[in-house]
Every structure is written in C-alpha cells, then in structure tokens.
Amino acid sequence: MERIGPPLAGGERETLRAYLDFHRATLAMKCEGLGDEELRRRSSPPSTLSLMGLVRHMAEVERQWFRRTVGGADVPHVWSDRHDFQEAYDTTGASGAEAFAAWEAEVAHARRVEAGAESLEVTAYVPKWEADVSLRVVMLHMIHEYARHNGHADLLREAIDGVTGA
C-alpha cells in the first residue's frame, strides 16, 4: 500500500478519502518487514495488543462501518462468532498473511462502498448510537480510529526493533 500525503487544498471528499488512505498505509508501514512472531509480540502483557492484532482489529472495523453500516450487508465478523471486536486481538496461531489478506480485502470493499455512495450526505442507521450517521461521519470516525491505533503501532514497532517515525 503506497503512502501518499493528503492534498493540501482539495475538496472535502477527496481530502477525507486521502487522509483515510494515508492512515491505512501508515499501519501497513508500521508492520513492514516483520515476521509473524514479531507481528504477534505484545507490548505490555497482560495486554493482548500487537501489530497483528491491530491489523485484524482494523479489518473488523472496516467491515463494520463500510460493509455493514453504510453498505447494509448482513455479514459476520471475520474472527468472532459473538460480535466481539476484541477477539481480533487474539493472534494465537494466526499469520500475518491471513491478517493482511483479510484487512486488504476489507479496505478494498470499503473503498468500493465509499466510491459508490452518491455523496457524503448518505446516511445509515447505527443501532449502538440509535441514530443515523452520514458517510462523512463514518469517514471521520475511521480516520480517528486509525490515527489512535497508529499511535499504538508506533510504540509497538519501536519495542520490537527500535524503528521509529511515521
């Protein structure tokens, strides 16, 4: 995934799309060059947080917001039978290849859903919030979600091999 800086003077949708893709690429960059053991390494046991867990979690989040919420699809979680986002963090026996394949598939689907939406004003109902939300809010929420987890990824990567920087 190529990491391209967002436009400094673009339209709203173009800018939201670019920032979301920038953060997606940042997560991929933080995992670059690591093997499965390193991707599964937990930073602060007993926390189960790991780079692979973050990739798996973000696959679930992409699926939730774009496939289920905006797209209206009735699909199960990738790694949970109980609608539990936390199960993605359990990387016991998981592989980086599997995690990245699922995440990349969800990102590709999310991009199709977003591109197919008529405008940022398209809304979908979120039962947890008991309200309709716009595609704009979904995209902003996803940017926030990635930015927060990329902060975790910075620390996780530095603890693995000392690599820093975004």
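Provided above is the structure to which this section pertains.
Every value quoted in this text rests on a predicted model; they were computed, and no experiment measured them.

Here we look at the packing of helix α1 (residues 12–31) against helix α5 (residues 135–161)
Next, step 1: Remark: α1 packs on α5, axes separated minimally by 9 Å, with the N-to-C direction vectors making an angle of 25 degrees. On the basis of their axis angle, the class for α1 and α5 is roughly parallel. Here α1 and α5 pass one another in a crossing that is left-handed.
Next, step 2: Residues of the contact of α1 with α5, tallied by class, amount to 14 nonpolar, three polar and eight charged.

Comments concerning the pairing of strand β1 (residues 123–126)
Next, step 1: Of the two faces of β1, only one is covered, namely that formed by Ala124 and Val126; the face formed by Thr123 and Tyr125 stays uncovered.
Next, step 2: Pairing of β1 with strand β2 (residues 131–134), which is carried by four bridges, proceeds in the antiparallel orientation. Along β2, the bridge assignment pairs valine 126 with alanine 131.
Next, step 3: Once β1 ends, the chain turns through four residues before running back antiparallel as β2, passing glutamate 130 with a positive phi of about 50 degrees.

Examining the packing of α1 against helix α3 (residues 51–70)
Next, step 1: The geometry of α1 relative to α3 is characterised by a closest axis approach of 10 Å and an angle of 155 degrees between their N-to-C directions. When the interaxial angle is binned, α1 and α3 end up roughly antiparallel. α1 and α3 meet at a crossing whose hand is left-handed. Contacts between α1 and α3 involve Leu20, Arg24, Leu27, Lys30 and Cys31 from the former and Leu51, Leu54, Val55, Met58, Glu62 and Phe66 from the latter.
Next, step 2: Among the residues forming the contact of α1 with α3, the class breakdown is eight nonpolar, no polar and three charged.

Digging into the nonpolar core
Next, step 1: Grouped together as the largest cluster of nonpolar side chains are 41 residues, with contacts concentrated most on Leu27, Leu51, Trp65, Phe66, Trp103, Met142 and Tyr146.
Next, step 2: Elements with a minimum of two residues in this core: α1, α3, α4 (96–116) and α5.
Next, step 3: Ignoring sequence-local partners within four residues, the contact set of phenylalanine 66 consists of Leu20, Arg24, Gly71, Ala110, Val113, Glu114, Leu135, Val138, Met139 and Met142.

About the criteria used
Residues numbered from 1 in each chain as written. Predicted model: local features only at pLDDT ≥ 70, side-chain atom pairs only at ≥ 80, totals over all residues. Heavy atoms only, no water. Axes fitted to C-alpha atoms, helices over the stretch in contact; angles between N-to-C directions. Helix = DSSP H or I, 4+ residues; strand = E, 2+ residues; numbered from the N terminus. Parallel < 35°, antiparallel > 145°, perpendicular 65-115°, else oblique. Left-handed = near helix turned anticlockwise from the far one by under 90°. Nonpolar A, V, L, I, M, F, W, Y, C, P; charged D, E, K, R; others polar. Buried < 20%, exposed > 50% of the residue type's maximum accessible area, 1.4 Å probe, protein only. Pairing = 2+ DSSP bridges. Contact = heavy atoms within 4.5 Å. Core = buried A, V, L, I, M, F, W, Y, C linked by side-chain atoms within 4.5 Å.

Just distances and angles here, no functional claims.
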